[in-house]
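Observations on the three-dimensional arrangement
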Amino acid sequence: MARQVIRATQFAAQAAEFILTIARDALATRGEFRIALSGGNTPRPVYAALAQSELPWENVLVTFGDERCVPPEDEQSNFKMADDTLLAPARVPPRSVLRMRGEIAPPLGAGEYQQQLDTLSAQRGETIYRHDLVLLGIGDDGHTASLFPGTAALHEMQRRVAANYVAKLESWRLTFTFPLILAARNICFLVDSNKPESLIDRIFSGDESLPAARVDRGAERVTWIIGDAR
Ligand code: 6PG
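So, a few notes on the structure that sits alongside this text. (Residues numbered from 1 in each chain as written. Predicted model: local features only at pLDDT ≥ 70, side-chain atom pairs only at ≥ 80, totals over all residues. Heavy atoms only, no water.)

Thoughts on the overall build of the chain
Of the regular secondary structure elements, the chain holds seven helices and nine strands. A globule of 230 residues ought to have a C-alpha radius of gyration of about 17 Å, and the chain, at 16 Å, matches this closely. On the principal axes, the C-alpha backbone points of the chain span a range of 40 × 35 × 35 Å. Taking all 230 residues of the chain together, the buried fraction comes to 56%. Across the chain, every contact between residues at least 6 apart in sequence was considered, and the portion connecting residues at least 24 apart equals 72%. Total accessible area on the chain is roughly 9,900 Å²; 49% of this is exposed by carbon and sulfur atoms. The centroid of the 25 positive side-chain charges in the chain is displaced by 3 Å from the centroid of its 29 negative side-chain charges. (Helix = DSSP H or I, 4+ residues; strand = E, 2+ residues; numbered from the N terminus. Rg over C-alpha atoms; globule rule 2.2 N^0.38 Å. Buried < 20%, exposed > 50% of the residue type's maximum accessible area, 1.4 Å probe, protein only. Contact = heavy atoms within 4.5 Å. Areas by Shrake-Rupley, 256 points an atom, 1.4 Å probe, with all protein chains shown as cover. Lys, Arg positive; Asp, Glu negative; His and termini not counted. Charge placed at Lys NZ, Arg CZ, Asp CG, Glu CD.)

Shown next as structure tokens:
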């Protein structure tokens, strides 16, 4: 595991620049850039900054690391957040976006997404879909994507995408599993200054009761971009 930590005084701009660096390398090397977006609120300013960039979006494939089981127009939808901040402003062509369908029965939504990724990875001669970059956030309980402590999807080592019931939220989520996340060439946690340093310390110390720590430990290459409020 190679971990890089960037303490960012210009969080959104530095995160967007990091993403662009990975994108340029992927486009130059493989002619495409495959990125998984994270949800929640932290990425909003990062996506807005990224929308100002000059990426060849027709050579980018955008996926989602997780999704709430709601329709795409719902304020809770991670797709909606990304569409509002990045996809629409940057005029990303719809064929470059693979949306998780949170509006259908969760097992169907997970199965459909997994099948779509499996088809794309087979076309590339991969045994599992290899993102160039998976963006992730962390919750105060150490969850990442929709891999929450104490939930079934933490134990899923075969499937790439799972429907995961999160009892504390009394709701279903669709989520990448550890195998799919850890297949990525690069993983980047986006953590703004609202997150407690003590949580980051626990993750870096390897407290594997925290799903984010399991990703941090298992990643081939992981970068933490941490907002520095100073
Ligand atoms: C989601 C996310 C989730 C998020 C964290 C942090 O669907 O909520 O994918 O993993 O990254 O909960 O959320 P905030 O950025 O809103 O703090």
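Examining the pairing of strand β8 (residues 187–191)
β8 sits mainly inside the fold: five of its five residues count as buried. Side-chain alternation along β8 places Ile187, Phe189 and Val191 on one buried face and Cys188 and Leu190 on a second face that is also buried. With three bridges connecting them, strand β5 (residues 133–136) and β8 associate as parallel partners. Note that in β8 the partner of Val134 across the bridge is Ile187. (Pairing = 2+ DSSP bridges.)

A look at helix α7 (residues 211–218)
When α7 is considered as a whole, its buried residues turn out to be Pro211, Ala212, Ala213, Val215 and Asp216. Considering only its buried residues, α7 is in contact with β1 (2–8), β5, α5 (178–182), β8, α6 (197–204) and β9 (221–227).

Thoughts on the sheet that holds strand β4 (residues 66–68)
Read from one edge to the other, the open sheet built from three strands follows the order β4-β7-β6, with strand pairing classed as antiparallel. The open sheet has two free edges, formed respectively by β4 and β6 (161–166), since each of these has just one partner strand. Averaged over all neighbouring strand pairs, the angle between strand axes comes to 25°, with direction disregarded. The sheet contact formed by β6 and strand β7 (residues 171–176) spans six bridges and is antiparallel. Across the sheet, residue Ala163 finds its bridge partner in β7, namely Leu174. Running at roughly 155° to β6, helix α4 (residues 106–123) makes contact with β6 and β7 of the sheet. (Axes fitted to C-alpha atoms, helices over the stretch in contact; angles between N-to-C directions.)

Observations regarding the site of the ligand
Lining the immediate surroundings of the ligand are 14 residues, of which Thr42, Asp66, His143, Ala145 and Lys195 lie closest. One nitrogen or oxygen atom from the side chain of Lys195 is found 2.6 Å from an oxygen atom belonging to the ligand. Contact with the protein chains covers 87% of the free accessible surface of the ligand, which is 410 Å². For the shell around the ligand, the class distribution of residues is two nonpolar, eight polar and four charged. (Near = heavy atom within 4 Å. Polar contact = N/O pair within 3.5 Å; in protein donor to acceptor, adjacent residues only side chain to side chain. Nonpolar A, V, L, I, M, F, W, Y, C, P; charged D, E, K, R; others polar.)

Comments concerning the packing of aromatic side chains
This model, assessed by the stated rule, comprises four aromatic pairs. Residues Phe64 and Phe79 carry aromatic rings whose centres are separated by 5.9 Å and whose planes lie at 55° to one another, so their mutual orientation is tilted. You can see Phe64 sitting in strand β3 (residues 60–64) and its partner Phe79 sitting in helix α3 (residues 78–87), a full 15 residues away along the chain. We note that Phe64, like Phe79, is buried. (Phe/Tyr/Trp six-rings, centres within 6.5 Å; stacked < 30°, edge-to-face > 60°.)

With respect to the pattern of salt bridges
Scanning the model with the defined rule gives 17 salt bridges in all. For the salt bridge of Arg130 with Glu220, the shortest nitrogen-to-oxygen distance reads 3.0 Å. Placement of the pair is Arg130 in the loop between α4 and β5 and Glu220 in the loop between α7 and β9, with a sequence separation of 90 residues. Given a relative accessible area of 24%, Arg130 falls into the partly exposed group. (Salt bridge = Lys/Arg side-chain N within 4 Å of Asp/Glu carboxyl O.)

A look at the nonpolar core
Most often, soluble globular proteins have nonpolar side chains that are buried together. Ranked by size, the top nonpolar core spans 74 residues in total, and within it Phe33, Phe64, Ile187 and Phe189 carry the most contacts. Sort the elements by how many residues they give to this core and helix α1 (residues 11–30) lands first, with nine residues. (Core = buried A, V, L, I, M, F, W, Y, C linked by side-chain atoms within 4.5 Å.)

Quick look at the environment of Pro149
Looking at the element boundaries, Pro149 is found in the loop between β5 and β6. The spatial distance from the C-alpha of Pro149 to the C-alpha of Val161 is 17 Å, given a sequence separation of twelve residues. In this structure Pro149 touches Asp141, His143, Leu154, Ser209 and Pro211, once residues within four positions along its chain are discounted.

Fair warning: the whole summary comes from geometry, so function is off the table for now.
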